[in-house]
Amino acid sequence: MTLLGAADDPSCYSRLVNDWVCMDYVSDRQQEIVDATLEHLQITVVSVVLGLLIAFPLALLARRLPRLESAILAITTGIYTVPSLALFPLLVPFTGLTATTVIIGLALYALTILVRSILEGLRSVPEEVRESATGLGYGRGQLLLKAELPLALPVIMAGLRVATVSTVALTTVGSLVAYGGLGNLIKDGVLTNFRAELFTASVLCVVLAVLLDVVLVLLQRFLTPWTRGARA
Amino acid sequence: MTVFGDMWAYLTEASNWTGGDGIAALLGQQLLLTVTALLMAMAVGLPVALWLGHLGRGGFLAINISNVGRAIPTFALLALLVVAPWPGTDELGPYGRAGLATLIALTLFALPPIITNSYVAMREVAPEVREAARGMGMTGVQQFWRVELPLGLPLVVSGLRLALVQVWATATIAALVAGPGLGQIITDGFFRSNYGKGIAGALVVAAVALVLELFAAMVQRAVDTTRRGTPAGGHTDALSVSGATVEPPAESLG
């Protein structure tokens, strides 16, 4: 962009024009947008993976000890009830104004959805399958890894998709502690009445959610090839 | 950890609770917002979803609206509504600054769980029961009021419970875009580095959220006369992923 051009024709994101959709903004602030998107993606992925890592042992524990199940479900539901804008501040005294605060908060939300879907997935495995696997001499670990988990995968993946998509949306609230990925741009857009920034960041959030959902669907296809052959 | 001391000091200071922007007034404002939005979403969503479920039409839309709702960040929608020329940040009576924008966002985010659960509730009534009702000579309207609605009620209420949690959370986030409600205490505390105040606000918001959830759970138990005594893990669970919120497996689509 030359100085002359800028003087003749104010860019679509100047204060005077303030368009919602503005490609000049996207190209001029490309680095800022890419950085925010990457931070968003990173926070989301780390949170969901952390949630999954905690959810698995919890779900297995809940299944083994039915008395613990209702307690685990009640506690996770309670956490889920707390709004994100309240959960992050409550974590700040322990983790400070860092990305860790956002990640732990989001992981707790993801955890609630994942524990339930893992439990439901394992419950959906037919009893006959378990019996025949035991009859074939499978131990407990083998039974879980080779028979139960593959069959529970569709339900678990459904939960993982729900958790991932909601985590992408909730990450924006992390802008309260300045680690909100695209949420930081949205917050700045509101404060400075910058429409192009606000609109671009909002659209990117939804695009990111849809993209991650598609990735998970493809991953599920790849992990459960037997569900594909049935149709052909 | 001096923040806890600050938080306690803020919560125990009587003057922070009273007055136009005290905790009590903001709490009342947010409760009013929540109830209004929930009622509006019920008035719009329930009749449509229940009737579509009764007819068995529009299932794709009714199920997928929840997926769409989840993908849209509440913060982004609130921000767009506030920055847009309309509804903007105009005051709206007791709903406060940006009241209309907040109400619209809250209602929109309350709709998906209400619509999806109500639709599924109607569809999950066993076909034998439906046939028996028709065999007894019931008309479509009678079937709906006397058979399908009573049997589907627990799932409908669990959708309302999810919507309530969602609306309360969104109402809190409204403060991030200078909207009304208790979230103001949180954002004000954080933006002015008065963390004790921010955490105090968060504590109040979280406590009320838990009280609302307990209340909703009690209501749900009260209407759940049919499935009482069945073990946990049935469809009545509000957060359950399978059943109400999950789309059918891929192979049944093709």
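Anything mentioned here points back to the structure above.
Residues numbered from 1 in each chain as written. Chains lettered and ligands numbered in written order. Predicted model: local features only at pLDDT ≥ 70, side-chain atom pairs only at ≥ 80, totals over all residues. Heavy atoms only, no water.

Quick look at the overall build of chain B
For step 1, the next point in the chain: Helix and strand content of chain B: nine helices and zero strands.
For step 2, the next point in the chain: Put simply, chain B runs from its N terminus to its C terminus through helices and strands in the order α-α-α-α-α-α-α-α-α.
For step 3, the next point in the chain: Across the 254 residues in chain B, those meeting the buried criterion constitute 52%.
For step 4, the next point in the chain: For chain B, the share of sequence-separated contacts (at least 6 apart) that also reach a separation of at least 24 residues comes to 71%.
For step 5, the next point in the chain: When the accessible area of chain B is evaluated, it comes to approximately 11,400 Å², of which 67% is carbon and sulfur surface. (Helix = DSSP H or I, 4+ residues; strand = E, 2+ residues; numbered from the N terminus. Buried < 20%, exposed > 50% of the residue type's maximum accessible area, 1.4 Å probe, protein only. Contact = heavy atoms within 4.5 Å. Areas by Shrake-Rupley, 256 points an atom, 1.4 Å probe, with all protein chains shown as cover.)

Observations concerning the pattern of salt bridges
All names here are of chain A.
For step 1, the next point in the chain: By the definition in use, this model includes 10 salt bridges over all chains.
For step 2, the next point in the chain: Here Arg-29 makes a salt bridge to Glu-32, at a shortest N to O gap of 3.7 Å.
For step 3, the next point in the chain: The partner of Arg-161 in a salt bridge is Asp-213, and the shortest N-O contact between them spans 2.9 Å. On the criterion of sequence distance, the pair formed by Arg-161 in helix α8 (residues 140-171) and Asp-213 in helix α10 (residues 195-223) is long-range, its members being 52 residues apart. Neither residue differs from the other here; Arg-161 and Asp-213 are each classed as buried.
For step 4, the next point in the chain: Taken together, the shared-partner salt bridges connect Arg-63, Glu-127, Arg-130 and Glu-148 into one network. (Salt bridge = Lys/Arg side-chain N within 4 Å of Asp/Glu carboxyl O.)

Observations regarding a nonpolar patch on the surface
For step 1, the next point in the chain: A contiguous nonpolar patch, built from Val45(A), Val49(A), Leu50(A), Leu53(A) and Ile54(A) and spanning about 400 Å² of accessible area, is present on the exposed surface.
For step 2, the next point in the chain: Residue placement: Val49(A) occurs in helix α3 (residues 30-64). (Patch = residues over 30% accessible without salt bridge, like charges linked within 9 Å, V, L, I, M, F, W, Y side chains within 5 Å.)

Topic: unusual backbone geometry
For step 1, the next point in the chain: A cis geometry characterises the amide bond from Trp86(B) onward to Pro87(B), with omega recorded as 0°.
For step 2, the next point in the chain: Within the element layout of this structure, Pro87(B) appears in the loop between α4 (74-83) and α5 (99-123).
For step 3, the next point in the chain: The phi angle at Asn18(A) is positive, at roughly 50°, despite the residue not being glycine.
For step 4, the next point in the chain: Summarising the element assignment, Asn18(A) is placed in the loop between α1 (3-8) and α2 (23-28).
For step 5, the next point in the chain: In this structure, Ala98(B) is a non-glycine residue whose phi angle is positive, near 55°.
For step 6, the next point in the chain: Relative to the elements of secondary structure, Ala98(B) occurs in the loop between α4 and α5.
For step 7, the next point in the chain: Accessibility expressed as a relative area gives 0% for Ala98(B), which makes it buried.

Remarks on the nonpolar core
For step 1, the next point in the chain: With 96 residues, the main nonpolar core has Tyr25(A), Leu182(B) and Ile186(B) as its most contacted residues.
For step 2, the next point in the chain: With 13 residues, the top contributor of residues to this core is α5(B).
For step 3, the next point in the chain: Aside from chain neighbours lying at most four places away, what touches Tyr25(A) is Tyr13(A), Gln30(A), Glu32(A), Ile33(A), Leu185(A), Phe194(A), Ala196(A), Glu197(A) and Thr200(A).
For step 4, the next point in the chain: Counting residues in each nonpolar core, the second largest holds 25 residues, with Ala55(A), Ile113(A), Leu114(A) and Val125(A) among its members. (Core = buried A, V, L, I, M, F, W, Y, C linked by side-chain atoms within 4.5 Å.)

Thoughts on the interface of chain A and chain B
For step 1, the next point in the chain: Tallying the contact residues gives 50 residues for chain A and 46 residues for chain B.
For step 2, the next point in the chain: Across the contact surface, chain A and chain B share zero salt bridges.
For step 3, the next point in the chain: Inspection of the chain A/chain B interface yields zero residue pairs in polar contact (both at pLDDT 80 or more).
For step 4, the next point in the chain: When contributions to the side of chain A that touches chain B are tallied by element, the ones reaching two or more residues are α4 (66-81), α5 (84-95), α6 (99-123), α8, α9 (182-191) and α10 of chain A.
For step 5, the next point in the chain: Broken down by class, the residue content of the side of chain A that touches chain B amounts to 28 nonpolar, 15 polar and seven charged. (Polar contact = N/O pair within 3.5 Å; in protein donor to acceptor, adjacent residues only side chain to side chain. Nonpolar A, V, L, I, M, F, W, Y, C, P; charged D, E, K, R; others polar.)

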